Structure formats: C-alpha cells, structure tokens
Number of protein chains: 2
Amino acid sequence: MEHRIDRIKKQLHAQSYKLTPQREATVRVLLEREEDHLSAEDIYLLVKEKAPEIGLATVYRTLELLSELKIVDKINFGDGVSRYDLRKEGAEHFHHHLVCIECGSVEEVVDDLLGDVEKIIENDWGFQVKDHRLTFHGICKQCQKATVKS
Amino acid sequence: MEHRIDRIKKQLHAQSYKLTPQREATVRVLLEREEDHLSAEDIYLLVKEKAPEIGLATVYRTLELLSELKIVDKINFGDGVSRYDLRKEGAEHFHHHLVCIECGSVEEVVDDLLGDVEKIIENDWGFQVKDHRLTFHGICKQCQKATVKS
DNA sequence: AAACAAATGATAATAATTATTATTATATAA
DNA sequence: TTATATAATAATAATTATTATCATTTGTTT
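Residues numbered from 1 in each chain as written. Chains lettered and ligands numbered in written order. Predicted model: local features only at pLDDT ≥ 70, side-chain atom pairs only at ≥ 80, totals over all residues. Heavy atoms only, no water.

## A look at the overall build of chain A
Step number 1: Each helix and strand counted, chain A has six helices and six strands in total.
Step number 2: If you list the helices and strands of chain A from N to C, you get α-α-β-α-α-β-β-β-β-α-β-α.
Step number 3: Oriented by its inertia axes, the alpha-carbon framework of chain A measures out at about 50 × 45 × 30 Å.
Step number 4: When each of the 150 residues of chain A is scored for burial, the buried share is 47%.
Step number 5: Residue pairs in contact within chain A that sit at least 24 positions apart in sequence constitute 49% of those at least 6 positions apart.
Step number 6: When the accessible surface of chain A is split by element, carbon and sulfur atoms take 49% of a total near 8,100 Å².
Step number 7: Across chain A, the mean location of the 22 positive side-chain charges is 4 Å away from that of the 28 negative side-chain charges. (Helix = DSSP H or I, 4+ residues; strand = E, 2+ residues; numbered from the N terminus. Buried < 20%, exposed > 50% of the residue type's maximum accessible area, 1.4 Å probe, protein only. Contact = heavy atoms within 4.5 Å. Areas by Shrake-Rupley, 256 points an atom, 1.4 Å probe, with all protein chains shown as cover. Lys, Arg positive; Asp, Glu negative; His and termini not counted. Charge placed at Lys NZ, Arg CZ, Asp CG, Glu CD.)

Here is the structure:
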C-alpha cells in the first residue's frame, strides 16, 4: 500500500501538485476500498473517519484532480451519481464492468478484451482511440443460481 | 416514419400504455433527430415547437417510460447530463459511440463488435449478458486532420 | 519574518431530475 | 349517454449531486 501511495505522490509531484494530508486520506480510502465503486459522498464519509475536519468540496476537488491525472476513473452506471475507481497499476486502459440488473452488484474485468475492436475502430472509422468505457448489463452468477432454485 | 411511430404505438399498447399526443410529439422529435444525442432539456425545447403546452416533467416521464420499454437508451457521456438515443429498429443491443475529446462530437457505430467479447464474458465469468454500453474516447478524423495542419 | 501561492473548509449557488398536487383527458360500466 | 374510475398532464416545489465563491490556513521562498 505504501508503495502505491508513493507512486501516486510522484505522479502528483510530476505535475507540481502536492499530496496533502487530505489528499492522502482520500487516496487511502480509495486503496482500501479498491473493489468497490464509491460515490463522492461515500468517499467523503469514509475519509471523515480518518480526517474528520475534511470538507466535501475538498473530496470533490481531489477526485477531480486524480481523474485528470488518470489515477482514478470517473464512471457513471446510470443512476445520477458519479463513481470513482482507481486504475490498476500500470493499466493503460480503464477496466470493464459487469453490472447485475437483479442485485446491482458490480464486478470488475481487468483483462483488456477490446484490442481487436479498437483496431477495427481505428482502421475502419479513422478514430484514434485514447480510452474506452465498457459495461455489460446482465445477470450475475449468483442471481442466475437464485433464479434456477426458485 | 409513420411506420416506426406505429411500431412504437404497438409496443406501448402491449404494456397498456397509450401514445398520447405529448408522447407522440416526443417520439417524433427523437425520430427526426435520430443521429443526435439529445438531453431531456434539448428534447423539451424541440417538442415545445410542436406542442408548446407540454411540460418538462412530461418529457422526463415519457423518456423514462420509453427507456423502460427499451425503445430508447439512456446514456451518459460523463458530463452530468443524461442523453436519450433511439434504438435502431430490430437492434438487439445498444450501438456504440465514439466521443471526440477535442471537439465533443459523438459518432455512432451500429455494427455489433462485441460478439466475441460477450462470449468470453459468458463463458469465463458466468455472467449472462443482456445488454452493453461501449464508448470510445479519442480523437475523431476531423480533429486529427486539424492537428496535422497546425 | 514578510510575501506569495496553493489548498482548504464552510457554505452559497447551480443544474438536473424527481415528487407533489390539482386538473384534464380518456376509457369503462351502468 | 351519463357517471365514475383511471391515467396522464402541467405547473411548480423539492431534492440531490456537483460546482463556485471566498475568507482562512498552510506551506514555501526570499
């Protein structure tokens, strides 16, 4: 964990931003809850446990900054809320998501499955791909089992 | 166009909803501007030209209804606004989008490029895919040319 | 220590969306 | 056809997420 904090610190410094205590507390929450897809409000409440004096606006500002530096990805699953997701270390692209329409669970797919598709987009459409967002909506393993049973 | 209105009318009736004049006006706007990706506010203003007495809430309600019936897809490109996109006739899945990070233009990719990827998701993850959202962010043809010139 | 810039906290403002409510249109049953 | 239930609507209030403002604090440089 400290290693990753360090890396993020360097990424910030490279653009002459500092890792303030508030920013560090926010990053720590993101690291601890890496599997989750937290909203700004969620993150705010969790950061408050570590640093009760922090303001909501600071959390938003920090997330915005981390977003610009591609340290986190801002994603929206269709409810009106933005969620923030740490990029895996060294990952060039944003990972994919499987959203269950029954139970609302969100699973991450880290493999990049879009290599071929991106080639098609670049060759046939002349569109230079920089990043992607891919989300599948469907029924997760658990909910499939539940349906069979009932 | 009348043919497609008719189809939508039937889809509504099948769930015992009616195609009221307000709903029809909304659908007509969506059909006329099929290539665009309009926000609820955009649609409201356009519908008002046909039916000036319509209320914004009705447009929202209509779009919500059409969304549930999978007649339109609600999509969010990262600005805080939901956009509404008619499904192509007979299309099983939502089409893909190419969003230019320079000029903001949005291009549609109607071909379904995800067949193989969906198979992987179903086989390896045991996730039963019902629909997908795929958006590429990058630089469109026009902006690439512009960059070379300058 | 003085001066400057960056970052923060508190809170006001904004924008998108949803809820409420009274009214109107539509369909149904006597 | 008229009475009655139901669905849909317009207007607008309320809510929610996010952004902007601004006074204060922190940290850095000279």
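Resuming the write-up.
## Structural notes on the interface of chain A and chain B
Step number 1: Across the contact, 33 residues belong to chain A and 33 residues belong to chain B.
Step number 2: Here chain A packs against chain B, burying approximately 3,000 Å² in sum over the two surfaces, 69% of which is carbon and sulfur.
Step number 3: On the chain A side of the contact with chain B, Trp125, Phe127 and Phe136 of chain A bury the most area, a combined 24% of that side's loss.
Step number 4: Put simply, chain A and chain B have zero salt bridges between them.
Step number 5: Linking chain A to chain B there are 10 residue pairs in polar contact (both at pLDDT 80 or more).
Step number 6: Residue contributions to the side of chain A that touches chain B peak at 12 residues, all from strand 6 (residues 128-139) of chain A. (Buried area = accessible area lost by both parts, 1.4 Å probe. Salt bridge = Lys/Arg side-chain N within 4 Å of Asp/Glu carboxyl O. Polar contact = N/O pair within 3.5 Å; in protein donor to acceptor, adjacent residues only side chain to side chain.)

## Things to note about the protein's contact with DNA strand C
Step number 1: Neighbouring DNA strand C are 17 residues; Thr20, Gln22, Thr58 and Arg61 of chain A together with Tyr60 of chain B lie closest to it.
Step number 2: Put simply, 65% of the atoms of DNA strand C that lie within 4 Å of the protein are in sugar or phosphate.
Step number 3: At a separation of 2.4 Å, a phosphate oxygen of DNA strand C approaches a polar side-chain atom of Thr20 of chain A.
Step number 4: Measuring from a base nitrogen of DNA strand C, one finds a side-chain N or O atom of Arg61 of chain A at 2.9 Å.
Step number 5: Those elements giving two or more residues to the surface near DNA strand C turn out to be helix 2 (21-32) and helix 4 (56-68) of chain A together with helix 4 (56-68) of chain B.
Step number 6: Counting residues per element, the surface near DNA strand C draws most heavily on helix 4 of chain B, at four residues.
Step number 7: Among the residues making up the surface near DNA strand C, the classes are represented as six nonpolar, six polar and five charged. (Near = heavy atom within 4 Å. Nonpolar A, V, L, I, M, F, W, Y, C, P; charged D, E, K, R; others polar.)

## Remarks on the protein's contact with DNA strand D
Step number 1: Inspection of the region around DNA strand D gives 17 residues, with Tyr60 and Ser82 of chain A together with Thr20, Gln22 and Thr58 of chain B positioned closest.
Step number 2: Backbone atoms, meaning sugar and phosphate, form 71% of the atoms of DNA strand D found within 4 Å of the protein.
Step number 3: The contact in question runs from a sugar or linking oxygen of DNA strand D to an N or O atom on the side chain of Gln22 of chain B, over 2.8 Å.
Step number 4: Contact distances for DNA strand D include 3.1 Å between a phosphate oxygen and a backbone N or O atom of Glu53 of chain B.
Step number 5: Of all the secondary structure elements, the ones that give two or more residues to the surface near DNA strand D are helix 4 of chain A together with helix 2 (21-32) and helix 4 of chain B.
Step number 6: Here the surface near DNA strand D takes four residues from helix 4 of chain A, the largest share from any one element.
Step number 7: Along the lines of polarity and charge, the residues of the surface near DNA strand D split into six nonpolar, six polar and five charged.

## A closer look at the side chain of Thr135 of chain B
Step number 1: You can see Thr135 of chain B is positioned in strand 6 (residues 128-139).
Step number 2: A relative accessible area of 8% places Thr135 of chain B in the buried class.

## Description of the sheet that holds strand 1 (residues 38-39) of chain A
The pairing of strands in a sheet happens through backbone hydrogen bonds and is either parallel or antiparallel.
Residue and element names in this part refer to chain A.
Step number 1: Taken in spatial order, the three strands make up an open sheet running 1-3-2, and their pairing is antiparallel. Because the sheet does not close on itself, it has two edges, and the strands there are strand 1 and strand 2 (72-76).
Step number 2: As paired elements, strand 2 and strand 3 (residues 82-86) share five bridges and run antiparallel to each other. Looking at strand 3, one finds that Asp73 is bridged to Asp85. (Pairing = 2+ DSSP bridges.)

## A look at the packing of helix 1 (residues 2-14) of chain A against helix 2 of chain A
All names here are of chain A.
Step number 1: Two elements in contact, helix 1 and helix 2, have axes separated by 11 Å at closest approach and are oriented at 130°. With respect to helix 2, the axis of helix 1 lies oblique. As for the relative orientation of helix 1 and helix 2, their crossing is right-handed in sense. Side by side, helix 1 and helix 2 meet where Glu2, Arg4, Ile5 and Ile8 of the first sit next to Glu24, Val27, Arg28 and Leu31 of the second. (Axes fitted to C-alpha atoms, helices over the stretch in contact; angles between N-to-C directions. Parallel < 35°, antiparallel > 145°, perpendicular 65-115°, else oblique. Left-handed = near helix turned anticlockwise from the far one by under 90°.)

## Some points on the confidence of the model for chain A
The predicted coordinates should not be examined in detail at positions where pLDDT is low.
Step number 1: Summary statistics for chain A give a mean pLDDT of 94 and a share of 99% for residues scoring 70 or more.
Step number 2: By mean pLDDT, the top-scoring element of chain A is helix 2 of chain A (98), and the lowest-scoring one is helix 6 (residues 141-149) of chain A (88). (pLDDT = per-residue confidence, 0-100.)

## Comments concerning a negative patch on the surface
Step number 1: Among the surface-exposed residues, Glu92, Asp111 and Asp112 of chain A together with Asp124 of chain B lie close enough to one another that they form a single negatively charged patch.
Step number 2: Following the sequence through the fold, Asp112 of chain A ends up in the loop between strand 5 (106-109) and helix 5 (115-125). (Patch = residues over 30% accessible without salt bridge, like charges linked within 9 Å, V, L, I, M, F, W, Y side chains within 5 Å.)

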